[in-house]
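Results of the structural survey
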Amino acid sequence: MRPRHALAVASLMVLTACATGPSLENRGAVTESPGDSKHLTIGSAGFTESDLLAQMYALLLQNAGYSTEILSVTNREIYEPALESGQIDVVPEYAATFADWLNAKANGPKAGTVGSPDLAVTMTALRGLATPRGLTVLDAGKAVDQNAFAVSAAFAEKHGLKTLSDLGRSHRPVRLAAGDECVQRPYCEPGLKKTYGIDITAVDPKGVGTTQAKQAVQSGQDQMVLTTTTDGTLDEFGLVLLADDKHLQNADYIVPVVNRSRAGSAGVTKALGKLNSVLTTADLASMNEQVDSWRRLPQDVARDYLESKGLLPESGT
């Protein structure tokens, strides 16, 4: 696998910033035959989980006979146009979030959300928005990275809490560690109150899943923290997730998105689809922990995982 290139990132930024690209009508995106380029560039959004997914995609594609390189581009406003243009061929994405992002791009920033807690509905909307742009959204697997809420294990045990519904029924006052936007976002404070009847007394603006936010819950300063379902560091702070049993959160299942004209072939689909049969939310959380807490390299964690699942031959064999 070739190394990442800072020069490539800089060139990518210049190209995507200076060019608006052809109109959708002129791209031939829907009628063009799926391509099968033998050298593929996989995009990473630059955070741990995205790096891990990009590494797994690269290894699976290499095992299927493709050569690959990974390009880290942290801004979706840059990497998505690059995916459309073919400068990037494959990216790991999140179904509901990407559907809403494409909808806003197509219909303006005030466009309503099209992602929903229903995966089938979300995928239909996402594919309808992606296809005219020359993008193919492959099937989702079992792994999902959604917003999630955690409390201390001691607090959960004391009050018999396993779900957010349990917390609502307990009528316990809750100070929530989260981002500033939580007071307005429907999945956060308003949704917790409306859907679960949770008594949110205040939002403590410490960010989403930050160390500071988790420490506030660990110490009892706050009672709950907004994090994600693949947070691999909860055990370190003595925290546990409460199940979203009424499905407040949207279906942010992990999906590979490919440039149809370069990577829309059956070979790419088959290679990446192998991950769907094994990768779970818990697996991702474990791998995130290995990188973030144990300081292992994403490429090593990714290879070990795929080998353990029989998706790659073991090193040295």
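Residues numbered from 1 in each chain as written. Predicted model: local features only at pLDDT ≥ 70, side-chain atom pairs only at ≥ 80, totals over all residues. Heavy atoms only, no water.

The helix and strand inventory of the protein chain stands at 13 helices and 10 strands. Here the protein chain, with 317 residues, has 50% of them falling under the buried criterion. Across the protein chain, every contact between residues at least 6 apart in sequence was considered, and the portion connecting residues at least 24 apart equals 76%. Total accessible area computed for the protein chain in this model is approximately 14400 Å², and 52% of it derives from carbon and sulfur atoms. (Helix = DSSP H or I, 4+ residues; strand = E, 2+ residues; numbered from the N terminus. Buried < 20%, exposed > 50% of the residue type's maximum accessible area, 1.4 Å probe, protein only. Contact = heavy atoms within 4.5 Å. Areas by Shrake-Rupley, 256 points an atom, 1.4 Å probe, with all protein chains shown as cover.)

Here we come to the state of the cysteines. Summed over all chains, the structure comprises 1 disulfide. Through a disulfide, Cys182 is tied to Cys188; the S-S separation comes to 1.9 Å. Disulfide Cys182-Cys188: torsion about the S-S bond near -85 degrees, hence left-handed. Considered together, Cys182 and Cys188 belong to a single accessibility category, that of buried residues. (Disulfide = S-S within 2.5 Å.)

Further remarks concern the pattern of salt bridges. A full pass over the atoms with the stated rule returns 15 salt bridges. Close ionic contact of Glu80 with Lys105 constitutes a salt bridge, the shortest N to O distance being 2.4 Å. Separated by 25 residues along the polypeptide, Glu80 in helix α3 (residues 76–85) and Lys105 in helix α4 (residues 95–107) bring together distant segments of the chain. We classify Glu80 as buried; its relative accessible area is 0%. Each of Glu80, Glu84, Lys105 and Arg133 takes part in one network of salt bridges that share partners. (Salt bridge = Lys/Arg side-chain N within 4 Å of Asp/Glu carboxyl O.)

Its location among the elements puts Arg172 in the loop between α7 (164–170) and β6 (173–178). Setting aside chain neighbours within four positions, we find Arg172 in contact with Phe155, His159, Leu167 and Asp199.

Attention now moves to helix α9 (residues 211–219). Every buried residue belonging to α9 is among Ala213, Lys214, Ala216 and Val217, and all of these are buried. Viewed along the axis of α9, the buried residues span an arc of 155 degrees, placing them on a single side of the element. Buried positions along α9 lie against β5 (147–152), β6, β7 (199–205), β8 (224–228) and β9 (239–242). Just downstream of α9, Gly220 is the residue with a positive phi angle, here 90 degrees. (Arc of directions from axis to C-beta.)

The next subject is the sheet that holds β6. Pairing within the open sheet is mixed, and its 5 strands lie in the order β7-β6-β8-β5-β9. With partners counted over all chains shown, the strands left at the sheet margins are β7 and β9, one partner each. Each neighbouring strand pair of the sheet contributes to a mean axis angle of 40 degrees, computed without reference to strand direction. Where β6 lies against β7, 6 bridges are found, and the strand directions are parallel. (Pairing = 2+ DSSP bridges. Axes fitted to C-alpha atoms, helices over the stretch in contact; angles between N-to-C directions.)

Next up on the list: the pairing of strand β10 (residues 254–259). Along any regular strand the residues' side chains alternate between the sheet's two faces. Counting buried residues in β10 gives 6 out of 6 residues, a clear majority hidden from the surface. Judged by which residues are buried, β10 turns out to be covered on both faces: Ile254, Pro256 and Val258 on one side and Val255, Val257 and Asn259 on the other are all buried. Here strand β3 (residues 90–94) pairs with β10 via 5 bridges, running antiparallel. Residue Pro92 lies in a different strand from β10, and its bridge partner there is Pro256.

What follows concerns the packing of helix α2 (residues 48–63) against helix α11 (residues 266–273). Contact pair α2 / α11: the axes reach a minimum separation of 9 Å and the direction vectors enclose 125 degrees. Between α2 and α11, the angle is such that the two are oblique. For the element pair α2 and α11, the recorded crossing hand is right-handed. Seen from α2, the contacting residues are Tyr57, Leu60 and Leu61; seen from α11, they are Val268, Ala271 and Leu272. (Parallel < 35°, antiparallel > 145°, perpendicular 65-115°, else oblique. Left-handed = near helix turned anticlockwise from the far one by under 90°.)

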